[in-house]
Amino acid sequence: MTRRRTAVKTVLWLLAGVLGVLTVIRFFRGLGATTALTDTAPWGFWIAFDVMSGVALAAGGFVVAATVYIFGRQRYHAFARPAILTALLGYAAVATGLLYDLGLPWHILNPVVHPQHHSVLFEVAMCVMLYLTVLFLEFSPVILAHPRFQRPWLMRLHALLKKVTIPLVITGIVLSTLHQSSLGSLFLIAPYRLHALWYSPYIWVLFFVSAVALGLAMVISESFFSAWLFGHKPKRELLGNLGRAASVVLLLYVLLRLGDLALRGKLDRALEPNGHAVLFWFELGVSALLPALLLQWRRVRESHGGLFGSAALVVLGMIGYRFDVCIVAFARPEDMPYFPSWMEIAVSIGIVAAAMLVFVFFVE
């Protein structure tokens, strides 16, 4: 094992250890002891990062699976396995984060025990549960191919799962499309609390399109990180093609967002001399406009630094977009502001660190 990998794993184990300590505090002393959440601010950092951002960050699984198995681009097959693993770990992290956020953790089963068929949140919950199951089934052949599982009945199960790959992929794409968009639909019930520059009757479209772009950017970022950590060369040409595809999706996202504001007569709000307008242009520039233009430039796509930097901008910018929708641009009582506690942030970082350790384990 290289010194670099040893150092990274040591840091990840330390962060996971902090998570372990905070987990004891959270579940023995309650939300009040670990968060800045209140009755007037019942959702905050954990929802914005662990759920809204976490689900979108895992979008690379269905994007790459569709590219390889549905559209027949077999040359991208090398990205499918790590993308599906990342999606599986990402959705598992989302479910874990929800256990911390819910006042009573066992209430995570409420959508199943007490279904609310007219609720968008019910649809999101069921799709995420089902998609997590689909991702596990999609990744299971990798586990079953290990020599330790070379038993007759497991080999038959492995063969069966390989045969149903296409139906599983199609099911995963349908479920992803539903819940990636429905996360945005949650805010349709709050048109007067979400700032006009972020609210849209078509916010579900913006959430889905941005998730596709973010999924492509995550595949690129993950490939460079993996190459750096494990000492192999990234597939620059293929990653450049993914970058070009991400650029097209990002430009579509920019056009949809600005076009929606223009059609509804709200574009002038982006020209007002206030903090929300500045934040809007900064977020849109970092998340979409700047990386889209950079990725249209061939020299950037052929450069390791340029390609990774552009993908990193998309990742950070799209996380920012979801934070703005959930927290920054969402109206709260002026006398009860919200800012996350250090323990909220540490829990989320710890969950990510634990997921990364599992990823490294599978690669090793």
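Residues numbered from 1 in each chain as written. Predicted model: local features only at pLDDT ≥ 70, side-chain atom pairs only at ≥ 80, totals over all residues. Heavy atoms only, no water.

## Quick notes on the overall build of the chain
And step 1. Per the secondary structure count, the chain includes 14 helices and 0 strands.
And step 2. Ordered by position from N to C terminus, the α and β elements of the chain give α-α-α-α-α-α-α-α-α-α-α-α-α-α.
And step 3. The C-alpha radius of gyration computed for the chain amounts to 21 Å, which stays within 12% of the reference 21 Å derived for 364 residues, consistent with globular compactness.
And step 4. If you line up the chain on its principal axes, its C-alpha atoms span 65 × 55 × 45 Å.
And step 5. Within the chain, the proportion of its 364 residues that are buried is 50%.
And step 6. When contacts within the chain are restricted to residue pairs at least 6 apart in sequence, those whose partners lie at least 24 apart make up 77%.
And step 7. Accessible area for the chain stands at about 18300 Å²; split by element, carbon and sulfur atoms hold 70% of it.
And step 8. Between the centroid of the 28 positive side chains of the chain and the centroid of its 17 negative side chains there is a distance of 16 Å. (Helix = DSSP H or I, 4+ residues; strand = E, 2+ residues; numbered from the N terminus. Rg over C-alpha atoms; globule rule 2.2 N^0.38 Å. Buried < 20%, exposed > 50% of the residue type's maximum accessible area, 1.4 Å probe, protein only. Contact = heavy atoms within 4.5 Å. Areas by Shrake-Rupley, 256 points an atom, 1.4 Å probe, with all protein chains shown as cover. Lys, Arg positive; Asp, Glu negative; His and termini not counted. Charge placed at Lys NZ, Arg CZ, Asp CG, Glu CD.)

## Some points on the nonpolar core
One recurring pattern in soluble globular proteins: nonpolar side chains tend to sit buried together.
And step 1. By size, the foremost hydrophobic cluster in this structure holds 99 residues, and its most contacted members are Phe187, Leu194 and Tyr253.
And step 2. Among the elements that take part in this core, helix H9 (residues 203-230) stands out by supplying 14 residues, more than any other.
And step 3. Apart from residues no more than four positions distant in its own chain, tyrosine 253 is found in contact with Leu206, Val209, Ser210, Glu283, Leu284, Ser287, Ala288, Met318 and Tyr321.
And step 4. Counting residues in each nonpolar core, the second largest holds 8 residues, with Val8, Ala16, Ala353 and Leu357 among its members. (Core = buried A, V, L, I, M, F, W, Y, C linked by side-chain atoms within 4.5 Å.)

## Concerning the pattern of salt bridges
And step 1. Here the structure, examined in full by the defined rule, presents 6 salt bridges.
And step 2. Residue glutamate 364 pairs with lysine 9 through a salt bridge whose shortest N-O separation is 3.3 Å. Taken together, the positions of glutamate 364 in the segment after helix H14 (342-363) and lysine 9 in helix H1 (residues 3-29) put the pair 355 residues apart, joining distant regions of the chain.
And step 3. A residue is classified by how much of its surface remains accessible, and glutamate 364, at 45% relative accessible area, is partly exposed.
And step 4. Under the relative-accessibility criterion, lysine 9 is labelled buried at 17%.
And step 5. Residue arginine 257 pairs with glutamate 283 through a salt bridge whose shortest N-O separation is 2.4 Å. Taken together, the positions of arginine 257 in helix H10 (residues 236-263) and glutamate 283 in helix H11 (residues 275-295) put the pair 26 residues apart, joining distant regions of the chain. (Salt bridge = Lys/Arg side-chain N within 4 Å of Asp/Glu carboxyl O.)

## Topic: the packing of H11 against helix H13 (residues 304-328)
And step 1. It is at 8 Å that the axes of H11 and H13 come closest, and there the two elements cross at 150°. Taken as axis vectors, H11 and H13 run roughly antiparallel relative to one another. Of the two possible hands of crossing, H11 and H13 adopt the one that is left-handed. Seen from H11, the contacting residues are His276, Leu279, Glu283, Val286, Ser287, Leu290, Pro291, Leu294 and Leu295; seen from H13, they are Leu307, Ser310, Leu313, Val314, Gly317, Met318, Gly320, Tyr321, Asp324 and Val328. (Axes fitted to C-alpha atoms, helices over the stretch in contact; angles between N-to-C directions. Parallel < 35°, antiparallel > 145°, perpendicular 65-115°, else oblique. Left-handed = near helix turned anticlockwise from the far one by under 90°.)

## Focus on the packing of aromatic side chains
And step 1. Per the counting criterion, the structure on display carries 18 aromatic pairs.
And step 2. Ring geometry for phenylalanine 27 against tyrosine 100: centres 5.2 Å apart, planes inclined by 50°, an arrangement best described as tilted. Pair noted here: phenylalanine 27 is in helix H1 and tyrosine 100 is in helix H4 (residues 77-101), with a separation of 73 residues, a long-range link.
And step 3. Phenylalanine 27 gets classed as partly exposed once you look at its relative accessible area, which sits at 35%.
And step 4. Of the residues examined, tyrosine 100 reaches a relative accessible area of 7% and is grouped as buried. (Phe/Tyr/Trp six-rings, centres within 6.5 Å; stacked < 30°, edge-to-face > 60°.)

## What about the state of the cysteines?
And step 1. Per the counting criterion, the structure on display carries 0 disulfides.
And step 2. Unpaired in this structure, cysteine 127 has its nearest cysteine sulfur neighbour in cysteine 326, at a distance of 18 Å.
And step 3. Overall, cysteine 127 belongs to the buried group, its relative accessible area being 6%.
And step 4. Residue classification places cysteine 326 among the buried positions, given a relative accessible area of 1%. (Disulfide = S-S within 2.5 Å.)

## Side note on helix H2 (residues 45-57)
Structural remark: α-helix, 3.6 residues per turn; residues separated by three or four positions point the same way.
And step 1. A rise of 1.5 Å per residue sets the reference length of H2, with its 13 residues, at 18 Å; its end C-alpha atoms lie only 16 Å apart and thus fall more than 12% short of the reference.
And step 2. Of all 13 residues in H2, 13 are buried, a share of seventy percent or more. (Expected span 1.5 Å × (residues − 1).)

## A word on a nonpolar patch on the surface
And step 1. A contiguous nonpolar surface patch, about 520 Å² in accessible area, is contributed by Ile70, Phe71, Ile166, Ile170, Val174 and Leu178.
And step 2. Looking at which element gives the most residues to the nonpolar patch, the answer is helix H8 (residues 165-185), with 4 residues.
And step 3. Its place among the elements puts valine 174 in helix H8.
And step 4. For valine 174, a relative accessible area of 46% translates into the label partly exposed. (Patch = residues over 30% accessible without salt bridge, like charges linked within 9 Å, V, L, I, M, F, W, Y side chains within 5 Å.)

## Focus on the environment of arginine 299
And step 1. Tracing the chain through its elements places arginine 299 in helix H12 (residues 298-301).
And step 2. Classification of arginine 299 as exposed rests on a relative accessible area of 63%.
And step 3. As for arginine 299 and glycine 240, which are separated by 59 residues in sequence, their C-alpha atoms are 9.9 Å apart.

## Considerations on the environment of leucine 89
And step 1. Mapping leucine 89 onto the fold places it in helix H4.
And step 2. Along the sequence, leucine 89 and leucine 135 sit 46 residues apart, while their C-alpha atoms lie 9.3 Å from each other.
And step 3. Leave out the neighbours within four places in its chain, and leucine 89 touches Ala355, Val358 and Phe359.

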